[in-house]
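Overview (structure and organization)
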Amino acid sequence: MSRHVPIKQIVRISAGALAATVLSLSMLPSADLLGAQHLWGAETAQAATGTQAPVGQNTLQGVQPGVAPGGTGAPPAQPAPPRATTPTPGTAQPTQPAPPPPPTPTPGPAPETSPSVPSLDKPWPRSAKLRIKVIDGRSLKPLAGAEVVVIESEQRLRTDQDGYTPWFDAPLIRDPRYRPMVQELHGQLGVIAYKNGYRDSVHMGIRLNPGVESETTVWMYKLGPGDVRIEPVLYQEPFHHLWLIRLADRYRDRSQLGEGFQKP
Amino acid sequence: MKRLWVGLAGAVVAFASLGPTANAQVYTIDNTAQPAVIRVAIRGLNPSGEPDPRGRIEWVQTVPFEQYCEDVLPNEWIPSWNTESLKAGAMAIKMFAWYHHLHPVTIDGFTFDVDNTVNFQTFRYMSEQPMTNRAVQAVRRFAYVRPDGEIIELNYRAGNPQDPNWQYRNAQKMAQWGSEYWAEQGRNYVQILQFYYMDRALRQYG
């Protein structure tokens, strides 16, 4: 019996193996990945040139980015006036114009190095509306009749049956230490809550936002037989992390980047 | 020869059955309801009393889904920002949470959807604010998904102030500062979302 395989048989085996490979590959999701990479590349080119690149067709109801209603996808030459449309219940918004590119897009990271941003230096009001809710820290139920003192202004307020103080004008104070560097994005102040039978609760760093109403919740803890050394409870609200990022980027030196400037 | 063909055909069938996505479930807003609750892993505090992204998981708190969104938005966006920026943020936060609710993780024996730190989204229990609550309510019945309805993660990063943040658009992430920039330029929240997330659709549900 000969050990040689006939040429015809080799051809048949090769053809079969090729067909099997094609069949198997067609069942893998790599085709989608390739498509996604293609779109990604289009996006990158689009950002670099500041033009709208064509994207895939949307087959279902929805928004087709980059295509104006009834349009062909060509971007307007100038930014379109903003549409004051908001979704109304009962109707989905099938099409919305994509925001046109600004006249001079500047691709690439542009880390902020200047100490202040002009439009962030808007007039800072002296006060903002605030109300405080006082709750029992264990049952989470509202505490009526608690007295709340605003440390900075010495205002005194009392909570109602729902645990809320009335709305009041609270001083909107930003820490002056940070103003020459990166000014805070919100005001901060502190309150102390008192109620008979409860530990005093000192609540610092309450965020107060200019031009809008703000709320905060003070947690109080009931005194029990095991409490022998009774002192106030401190609750410190953290800085907003968007501000922390700006602060860290402000002083970052290019010789030692650390985690680096904020990037996608 | 016949045996060879039969073996080859068998190999093809066996290999094809290994296709990884043949039976993978695709979650869409047509076959998935908005979560009623979300499981939030509460991480241990650092010595200063702040939740530590690398801290030990202390427990898992079950929070109503909408309350979770309301307790995240003021800690991720600035409540005094433009309302359209807040709505764009509310949508991104909701879709991020929804996606992770559908893809929970188990770490150190705890199964959860998100944690309370910047590993996922900054969550502080009962920190809701009136303005941000209105933004959450404004996008309540809407989802921002793939055109076929598939629920995907809407990611975002801080970005740079006073800048459209084109590089974030390239990365398919919304810049938080960029959303405020565009809102101040007069764009509504759908336009802001369209700018940062390509090939997505606004869909109504519920």
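Residues numbered from 1 in each chain as written. Chains lettered and ligands numbered in written order. Predicted model: local features only at pLDDT ≥ 70, side-chain atom pairs only at ≥ 80, totals over all residues. Heavy atoms only, no water.

**Considerations on the overall build of chain B**
Applied cut-off: Segments assigned H or I by DSSP are reported as helices when at least four residues long, segments assigned E as strands when at least two residues long, and all are numbered from the N terminus. Each residue gets one of three labels from its accessible area relative to the maximum for its type: buried under 20%, exposed over 50%, partly exposed in between, using a 1.4 Å probe on protein chains only. Contacts were defined at the residue level, with two residues in contact if any of their heavy atoms lie within 4.5 Å. To measure how exposed things are, a 1.4 Å probe is used in the Shrake-Rupley method; for residues, cover is taken only from the protein chains shown.
When helices and strands are counted, chain B shows seven helices and nine strands. The proportion of buried residues among the 206 residues of chain B is 60%. In chain B, the proportion of contacts linking residues at least 24 apart, taken out of those at least 6 apart, comes to 71%. As presented, chain B carries roughly 8,000 Å² of accessible surface, and 52% of it is formed by carbon and sulfur atoms.

**Quick look at the sheet that holds strand E1 (residues 127-136) of chain A**
Residues and elements named next belong to chain A. Heads up, the rule is: Here, strands pair whenever DSSP counts at least two bridges between them. Lines fitted to C-alpha atoms define the axes, with helix axes restricted to the stretch in contact, and inter-axis angles between N-to-C directions lie between 0 and 180 degrees.
Ordered by their spatial adjacency, three strands build an open sheet running E4-E1-E7, and the pairing between neighbours is mixed. On the outer flanks of this sheet lie strand E4 (168-171) and strand E7 (214-220), each paired with one strand and no other. Put simply, the sheet's adjacent strands are angled 50 degrees from each other on average, direction ignored. Across seven bridges, E1 lies against E7 in parallel orientation. Note on E7: the bridge partner recorded for Val134 is Val218.

**Looking at helix H3 (residues 241-250) of chain A**
Considered for burial, the residues of H3 of chain A that qualify are His241, Leu242, Trp243, Arg246 and Asp249 of chain A. If you follow the buried residues of H3 of chain A, they end up packed against helix H2 (65-76) and helix H6 (176-184) of chain B.

**Observations concerning the packing of H6 of chain B against helix H7 (residues 189-196) of chain B**
Helix-helix packing: each pair is described by the crossing angle between the helix axes and the interaxial distance. Residues and elements named next belong to chain B. Convention followed: Orientation is classified from the angle alone, with under 35 degrees giving roughly parallel, over 145 giving roughly antiparallel, 65 to 115 giving roughly perpendicular, and any other angle giving oblique. Helix crossings are classified by the rotation of the near helix relative to the far one: an anticlockwise turn of less than a right angle makes the crossing left-handed, while a clockwise turn makes it right-handed.
Here H6 crosses H7 at 130 degrees, and the two axes come no closer than 10 Å. One way to sum up the angle between H6 and H7 is to call them oblique. Helix-helix and strand crossings are classified by hand; for H6 and H7 the assignment is right-handed. Contact residues: Gly178, Ser179, Trp182 and Ala183 in H6; Ile192, Phe195 and Tyr196 in H7.

**A look at the packing of aromatic side chains**
All names here are of chain B. Heads up, the condition is: Working definition: rings of Phe, Tyr and Trp (its six-membered ring) pair if their centres are within 6.5 Å, and the pair is stacked with planes under 30 degrees apart, edge-to-face with planes over 60 apart, and tilted otherwise. Sitting over a ring, as applied to charges here, requires NZ of Lys or CZ of Arg to be within 6 Å of the ring centre and within 35 degrees of the ring normal.
A complete count under the given rule lists 15 aromatic pairs over all chains for this structure. An aromatic cluster is defined as three or more aromatic residues linked by ring pairs; in this entry it consists of Trp166, Tyr181, Trp182, Phe195 and Tyr196. Between Arg169 and the ring centre of Phe195, over which it is positioned, the NZ or CZ distance is 4.7 Å.

**A few points about the environment of Glu237 of chain A**
Let me state the cut-off plainly: Under this definition, polar contacts are N or O atom pairs within 3.5 Å; protein pairs additionally need one hydrogen-donor-capable and one acceptor-capable atom, and for neighbouring residues in sequence, both atoms have to be side-chain atoms.
Its place among the elements puts Glu237 of chain A in the loop between strand E8 (233-236) and H3. For Glu237 of chain A, a relative accessible area of 7% puts it in the buried group. Sequence spacing of Glu237 of chain A and Ile206 of chain A is 31 residues, and the spatial spacing of their C-alpha atoms is 6.0 Å. In this view, Glu237 of chain A contacts His203, Met204, Gly205, Ile206, Arg207 and Thr216 of chain A together with Arg124 of chain B; residues no more than four positions away in its chain are not counted. At 3.4 Å, the side chain of Glu237 of chain A forms a polar contact with the side chain of His203 of chain A.

**A short note on the nonpolar core**
To be explicit about the condition: In these notes, a set of buried Ala, Val, Leu, Ile, Met, Phe, Trp, Tyr and Cys residues joined through side-chain atoms within 4.5 Å is what counts as a nonpolar core.
Of all hydrophobic cores here, the largest spans 66 residues; its most connected members are Tyr68, Met91 and Met174 of chain B. With 11 residues, the top contributor of residues to this core is helix H3 (residues 83-102) of chain B. Excluding residues within four positions of it along the chain, Met174 of chain B makes contact with Trp77, Ala88, Gly89, Ala92, Asn155, Tyr156, Arg157, Ser179, Ile192, Leu193, Tyr196 and Tyr197 of chain B. Counting 20 residues, the second-largest nonpolar core is a separate cluster that includes Leu130, Leu157, Val191 and Leu208 of chain A.

**Things to note about the sheet that holds strand E5 (residues 187-194) of chain A**
All names here are of chain A. Spatially, E3-E2-E5-E6-E8 is the arrangement adopted by the five strands of the open sheet, whose pairing is mixed. Both outer strands of the open sheet, strand E3 (156-158) and E8, are each paired with one neighbouring strand and no more. Taken pair by pair, the neighbouring strands of this sheet meet at an average axis angle of 25 degrees, ignoring direction. Bridge count between strand E2 (residues 147-150) and E3: three bridges; the pairing is antiparallel. Within E3, the residue paired with Val149 across the bridge is Arg156.

**Comments concerning the pattern of salt bridges**
This is how the line gets drawn: Criterion for a salt bridge: a side-chain nitrogen of Lys or Arg within 4 Å of a carboxyl oxygen of Asp or Glu.
Tallied over the full model, the rule gives 16 salt bridges over all chains. Glu231 of chain A is the salt-bridge partner of Arg229 of chain A, the closest N and O atoms lying 2.9 Å from each other.

**Considerations on the environment of Arg157 of chain B**
Residues and elements named next belong to chain B. Note that Arg157 resides in strand E7 (residues 156-157). On the accessibility criterion, Arg157 (32% relative accessible area) is partly exposed. Separated by 81 residues in sequence, Arg157 and Glu76 have C-alpha atoms that sit 9.5 Å apart.

**Topic: unusual backbone geometry**
In this structure, Glu154 of chain A takes a positive phi of about 60 degrees despite not being glycine. Locating Glu154 of chain A in the fold gives a position in the loop between E2 and E3. A residue is classified by how much of its surface remains accessible, and Glu154 of chain A, at 64% relative accessible area, is exposed. Despite not being glycine, Asn165 of chain B has its phi angle at roughly 60 degrees, a positive value. Looking at the secondary structure, you find Asn165 of chain B in the loop between E7 and helix H5 (166-170). Using a relative accessible area of 0% as the deciding quantity, one classes Asn165 of chain B as buried.

**Remarks on the confidence of the model for chain A**
The cut-off we apply is this: pLDDT expresses, on a scale from 0 to 100, how confident the predictor is about each individual residue.
Taken residue by residue, chain A gives an average pLDDT of 69. The fraction at 70 or more is 53%. Segment residues 102-119 of chain A is flagged for pLDDT under 50; beyond a separation of four residues in sequence, or across chains, it makes 30 contacts in the model.

**A few points about the pairing of strand E6 (residues 201-208) of chain A**
Both faces of the sheet carry side chains from a regular strand, because those side chains alternate between them. All names here are of chain A. The buried fraction of E6 amounts to seven of the eight residues, a majority that puts the element mostly inside the structure. For E5 and E6, the ladder comprises six bridges, and the chain directions are antiparallel. Within E6, the position partnered with Gln188 by the bridge is Arg207. Between the antiparallel neighbours E5 and E6 lie six residues, among them Gly197 with a positive phi of about 85 degrees.

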